[in-house]
Every structure is written in structure tokens, then in C-alpha cells.
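For reference, the chains in residue letters:
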Amino acid sequence: MFGLANSFDHHYDGYQSVLSKYVQNGKVSYENLKSNEASLTMFLHEIADADLTGFSVSQKEAFWINAYNALTLEVVVAAWPIGSILELENGKVWDVRKFPVAHALITLNQLEGQLRELKDPRIHTAINCAAISCPSLQSTPFLPETL
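Residues numbered from 1 in each chain as written. Predicted model: local features only at pLDDT ≥ 70, side-chain atom pairs only at ≥ 80, totals over all residues. Heavy atoms only, no water.

Comments concerning the overall build of the protein
Secondary structure assignment for the protein yields six helices and four strands. The N-to-C order of helical and strand elements in the protein reads α-β-β-α-α-α-α-β-β-α. Relative to a compact globule of 147 residues, whose C-alpha radius of gyration would be 15 Å, the protein shows 14 Å and is just as compact. Its C-alpha atoms give the protein principal-axis dimensions of about 40 × 30 × 25 Å. With 147 residues in all, the protein has 43% of them scored as buried. Across the protein, contacts joining residues at least 24 apart in sequence account for 69% of those joining residues at least 6 apart. (Helix = DSSP H or I, 4+ residues; strand = E, 2+ residues; numbered from the N terminus. Rg over C-alpha atoms; globule rule 2.2 N^0.38 Å. Buried < 20%, exposed > 50% of the residue type's maximum accessible area, 1.4 Å probe, protein only. Contact = heavy atoms within 4.5 Å.)

Let's talk about helix 6 (residues 108-116)
Of the positions making up helix 6, those classed as buried are Leu108, Leu111, Glu112 and Leu115. Buried residues of helix 6, viewed axially, fall in a sector of 100°; they line one side. (Arc of directions from axis to C-beta.)

Things to note about helix 4 (residues 57-79)
With 23 residues, helix 4 ought to run about 33 Å at 1.5 Å a step, and its terminal C-alpha atoms sit 33 Å apart, in line with that. The buried fraction of helix 4 amounts to 17 of the 23 residues, a majority that puts the element mostly inside the structure. (Expected span 1.5 Å × (residues − 1).)

Overview of the nonpolar core
Within the largest apolar cluster, 48 residues are counted, with the highest numbers of intra-cluster contacts made by Phe63 and Leu73. Elements supplying a minimum of two residues to this core: helix 1 (13-22), helix 2 (30-34), helix 3 (38-49), helix 4, helix 5 (93-96), strand 3 (99-101) and helix 6. For this core, the leading source of residues is helix 4, giving twelve residues. Apart from residues no more than four positions distant in its own chain, Leu73 is found in contact with Tyr15, Val18, Leu19, Val28, Tyr30, Leu33, Leu40 and Leu137. (Core = buried A, V, L, I, M, F, W, Y, C linked by side-chain atoms within 4.5 Å.)

What about the packing of helix 1 against helix 3?
Axes are the key here: two packed helices are described by the angle between their axes and the distance separating the axes. Orientation of helix 1 relative to helix 3, taken along the N-to-C sense of each, is 145°, at an axis distance of 9 Å. As helix 1 packs across helix 3, the resulting crossing turns out to be left-handed. Contact residues: helix 1 offers Gly14, Tyr15, Ser17 and Val18, while helix 3 offers Ser39, Leu40 and Phe43. Split by residue class, the contact of helix 1 with helix 3 holds four nonpolar, three polar and no charged. (Axes fitted to C-alpha atoms, helices over the stretch in contact; angles between N-to-C directions. Left-handed = near helix turned anticlockwise from the far one by under 90°. Nonpolar A, V, L, I, M, F, W, Y, C, P; charged D, E, K, R; others polar.)

Structure representation (C-alpha cells):
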């Protein structure tokens, strides 16, 4: 259902509802998201089922950035309450955990590798690893037309 390029929601409406409710000034309300994570779960199903065939470069870039950020939210929410994402997997959560994305199981570092292949150095200001040293999470998703 979600797999075709022309049926994928490139406006990220479902993810937008998560971000606008739970991200304010770059800070995530993980506790509130944990108690109401159905919208995030729905978006994670969309990215798991996505077929990137026919996606433009900007559509792929927005997809990978939003997938990375949403999966990072999921990692923290699943373990909430925690003091730091570094508590998970002995600080190697980005290499250990695998997630269904675009019909494959990949780690967050492999997902970041998909972004690196697009050769846009700005990705490091777009992806959020849920650590204080990372760029703040925006309260809106990245869209292909506004990258």
C-alpha cells in the first residue's frame, strides 16, 4: 500500500503530527510521546514498507533524514525513561540495532551511509542522534522541495 513512489506521502503528514505535538524548540517530550506513540508507529510502518523506486534525489534525501530522525525517536521512546541514548547497547545503538526501512533491515549508521551516498554535507545538520551534541530536532519534517 505505501510502497509506490507516487503513493508515498512526501509531505510526511503523519510524521508532522508527531513532531508538532512532541518537539518544541528542539526538545522532545519523550514521556508524552511514550504514552501516545501510535502516530510514530504508523509512520515507522510507512518507512518500512516504502519502495524508493522512482524517488528523486531530493525525495530520497528527505526520506532518509526523516527515517533516521523518526527511528532515533523510537529508540529513545522504547527505552524511556533513560538518561541518555548512550546507555543503550553499551553506547553502540547506532551499529547494533536494526530497523525495517524500505524493505530492508538496517542500522542507523547504515541509514546514515545512504545519506552520505547522496553527497550532501548538510546531512550532519539534519540528522538528530538524541544526544545534546547533535543538532536540534526540528518540529517539522524535511520535505523534498525545501531541502
